Amino acid sequence: MSITRPNAIRASLLAVTVALSLVFSTGGSASEAEWKKSYQLEANGKYAQAAAVIEALSIRGEAREFALIRLAWLSYLQANYNDSIRYYRTALEINPHSVSARVGITSPLLAQQRWREAALFAKQILEVSPWHYDAHVRLMIAEEGMRKWNTLAKHALAVNVRYPDDASVLVYLARAYAWLGNTARAKAAYERILRRIPGHIEATRYMRNN
Amino acid sequence: MAERFISSALLALGLGVTAWMGYPDTVEASEDWRADDLWTINGSVSGVIGDYDDSNTRGSFYGSGLKMSFDYLDRGGFTLGYNYTHVDFKDGQGRDLDQAAYYASGRLQARPDGARGTVIFRMDTHLVDNDDITGTSDGAYAVAPIIGFYNYDKSLYLDLGLTRSFYMNDFRLMQLTPTVGFGFNEGSDWLQLRGFLIDSNNRSRSQGEEFTAALDIKYSHWFAPGNLLKIDQVSLGGLVGDRIHAVDPDAASMTNLSDVQTGSASISGSWRLGDVTNLTVLGGGDFYENVPAKDSYRSTYFFLNLSREW
């Protein structure tokens, strides 16, 4: 059976398509398998191995930004804060608009007690997303670290209006009032915490001692 | 002298009352999230007034100072300082002395992951300019590199400073200041010990001492909020041993007085006036000895410092 020229071309194109689809499907499966393995290792507390599995993906390719953010997170879990910051910064270079990387980088910065730098990244998020919950919490942690009690109290009050059911914000509000020496307002805030989390250790202790 | 003391006391009283009054009962919610604060600037003004008790030659002194610190995020910064001091000598014991002291310091911070804390590389420089008619204390300068470390828990501090001091006519001193500090009681107490090991290249310029050793001890306590005096911190300080021409990294000062310091005791209190202002009041006494002149005396002083952050 002879094959006509158009048929030959069609057959060649088919072969190429099949070959390419095989290449890509193999690549996709391998990549998915790597991510899956990385998540499993992380779940088992093997953070270094979880990072090693996806490290190559952070060098180039479509998944580079996500791989960098994940490596930054896994570095943070290993208390390799400088590596974590470096990965987040590289992710920000790739995508300067990334809110995820900005939220992420505050974790190692706060762990290193770099309050001002963490506050700066949190505020950058709030400039584009004014009521981003995580950014507010990170900023409040930084304000507490800098012992800016007036600032913290004002900040926590504003966030509390937006997240009235949230106990964490009330903890910062209560601490700020306590450090400002305003026991009545601190107690009121701690009472509100106890309504949300009965038996809250810090609130219970403060109410007992004041 | 009395007028100066009264004005200083009134200033302290006024600021103390401000601290006592505390903060407004209501706090307005803030919604200002501008990310524009790369630099933190801290400025302070200070004043000191004191007497030389039992001295054969010296009468009293007063001075004032200005210091500005600039910090880029949490990475490093620099400080510039100026101090003016006037010393009154007793009648017939010499001309009064006016002195300007300049201070410049730079610092870089690093946080190696393995260290679990902050390493500080610091370089201090001092320059003293005065109208000392003998010329022995004029034009002195010092260079002091310091490496320090404090852990994230704020329970341990270590530093080591090496200071080279230079005076006119080839008089030089080398000072080593090993320091250790401990935090305890969940960070509300702090004990710091700093050694001053000072070596002189010319005994005739350092009261016959070729080497002096002293230990500076400082205990600080931070109070819980809502205490009666609204005080933030109280410190007790003391010095045992002998030291001469010491350069103090905490006080950022260079002692160009040629007498041997044989001890000191001090107490200080600090008040936070809001988030950005701090008031420190310090009183104390330093003990000195001038061996050739057989003059042992005490310097008692009252010091006030007001600082603000921008």
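What counts and how
- Residues numbered from 1 in each chain as written.
- Chains lettered and ligands numbered in written order.
- Predicted model: local features only at pLDDT ≥ 70, side-chain atom pairs only at ≥ 80, totals over all residues.
- Heavy atoms only, no water.
- Core = buried A, V, L, I, M, F, W, Y, C linked by side-chain atoms within 4.5 Å.
- Buried < 20%, exposed > 50% of the residue type's maximum accessible area, 1.4 Å probe, protein only.
- Helix = DSSP H or I, 4+ residues; strand = E, 2+ residues; numbered from the N terminus.
- Contact = heavy atoms within 4.5 Å.
- Buried area = accessible area lost by both parts, 1.4 Å probe.
- Salt bridge = Lys/Arg side-chain N within 4 Å of Asp/Glu carboxyl O.
- Polar contact = N/O pair within 3.5 Å; in protein donor to acceptor, adjacent residues only side chain to side chain.
- Patch = residues over 30% accessible without salt bridge, like charges linked within 9 Å, V, L, I, M, F, W, Y side chains within 5 Å.
- Areas by Shrake-Rupley, 256 points an atom, 1.4 Å probe, with all protein chains shown as cover.
- Pairing = 2+ DSSP bridges.
- Expected span 1.5 Å × (residues − 1).

Trainee: Is there a simple way to think about the nonpolar core in this case?
Mentor: The tendency in soluble globular proteins is for nonpolar side chains to be buried side by side. Residue and element names in this part refer to chain A. One finds Trp-35, Ile-54, Tyr-88, Ala-101, Ile-105 and Leu-109 to be the most contacted residues of the largest nonpolar core, which totals 33 residues. Mapped by element, the contributors of at least two residues to this core are α1 (5-43), α2 (47-54), α3 (64-77), α4 (81-94), α5 (99-111), α6 (115-128) and α7 (133-145). In terms of residue count, α6 provides more of this core than any other element does, seven residues in total. Discounting chain neighbours no more than four positions away, the residues touching Ile-54 are Glu-34, Trp-35, Ser-38, Ala-67, Arg-70, Leu-71 and Leu-74. Val-171, Leu-173, Leu-180 and Ala-186 belong to the second largest nonpolar core, which has 24 residues in total.

Trainee: Explain the interface of chain A and chain B here, please?
Mentor: As a measure of interface size, the accessible area lost when the parts come together is often cited. With 41 residues of chain A in contact, the opposing surface of chain B contributes 35 residues. Together, the buried faces of chain A and chain B total about 3300 Å²; carbon and sulfur atoms form 49% of this surface. Our enumeration of links across chain A and chain B arrives at three salt bridges. Note that Glu-309 of chain B is salt-bridged to Lys-148 of chain A, the shortest N-O span being 2.7 Å. Counting across the interface, chain A meets chain B through 18 residue pairs in polar contact (both at pLDDT 80 or more). Top contributing element to the side of chain A that touches chain B by residue count: helix α8 (residues 149-162) of chain A, with nine residues.

Trainee: Sorry if this is basic, but what is going on with the side chain of Arg-107 of chain B here?
Mentor: Residues and elements named next belong to chain B. When you line up the elements, Arg-107 lands in strand β4 (residues 97-110). Judged by its relative accessible area of 16%, Arg-107 is buried. Polar side-chain contacts of Arg-107 include one of 3.2 Å to the side chain of Asp-71. Discounting chain neighbours no more than four positions away, the residues touching Arg-107 are Ser-69, Phe-70, Asp-71, Gly-76, Gly-77, Phe-78, Thr-79, Ile-120, Phe-121 and Arg-122.

Trainee: What's the story with unusual backbone geometry in this structure? I'm lost.
Mentor: Peptide bonds are trans in most cases, and residues, glycine excluded, mostly fall at negative phi. Residues and elements named next belong to chain B. At Asn-185, a position not held by glycine, the phi torsion is positive, near 55°. Mapped onto the elements, Asn-185 comes out in the loop between β8 (171-184) and β9 (189-200). The exposure class of Asn-185 is exposed, given its relative accessible area of 51%. At Gln-207, a position not held by glycine, the phi torsion is positive, near 55°.

Trainee: Would you mind going over a nonpolar patch on the surface with me for this structure?
Mentor: Residue and element names in this part refer to chain B. Nonpolar side chains collect at one region of the surface, where Leu-108, Phe-121, Ile-147, Leu-160, Leu-162, Met-174, Leu-176, Leu-197 and Phe-211 lie side by side and expose about 780 Å² of accessible area between them. Looking at the nonpolar patch, the elements with two or more residues in it are β7 (156-167) and β8. Relative to the helices and strands, Leu-176 resides in strand β8. A relative accessible area of 34% means that Leu-176 is categorised as partly exposed.

Trainee: Teacher, can you tell me more about the pairing of β4 of chain B here?
Mentor: Regular strands place side chains that alternate from one sheet face to the opposite one. All names here are of chain B. Here strand β3 (residues 76-89) pairs with β4 via twelve bridges, running antiparallel. Paired with Tyr-82 across the strands is Tyr-102, a residue of β4. Here twelve bridges tie β4 to strand β5 (residues 117-130), and the two strands are oriented antiparallel to one another. If you follow Leu-108 over to β5, its bridge partner there is Phe-121. Joining the antiparallel neighbours β4 and β5 is a turn of six residues, in which Arg-116 adopts a positive phi near 55°.

Trainee: Sorry if this is basic, but what is going on with α5 of chain A here?
Mentor: In an α-helix, one turn spans 3.6 residues; hence positions three or four apart end up facing the same way. Residues and elements named next belong to chain A. Taking 1.5 Å of rise per residue, 13 residues should cover 18 Å, and α5 covers 19 Å from first to last C-alpha, within 8% of that figure. For α5, every residue scored as buried is listed here: Ala-101, Arg-102, Val-103, Gly-104, Ile-105, Thr-106, Ser-107, Pro-108, Leu-109 and Leu-110. Here the buried face of α5 lies against α3, α4, α6 and α7. The residue sitting at the N-terminus of α5 and contributing the capping side-chain oxygen is Ser-98; that oxygen lies 3.4 Å from the backbone nitrogen of Ser-100.

Trainee: Would you mind showing me how to read the pairing of strand β11 (residues 233-243) of chain B here?
Mentor: All names here are of chain B. Pairing of strand β10 (residues 211-222) with β11 involves nine bridges; the strand directions are antiparallel. Paired with Ile-217 across the bridge in β11 is Gly-238. Bridge count for β11 against strand β14 (residues 260-273) is nine bridges, and the pairing is antiparallel. Its bridge partner lying in β14, Val-234 is registered against Gly-269.

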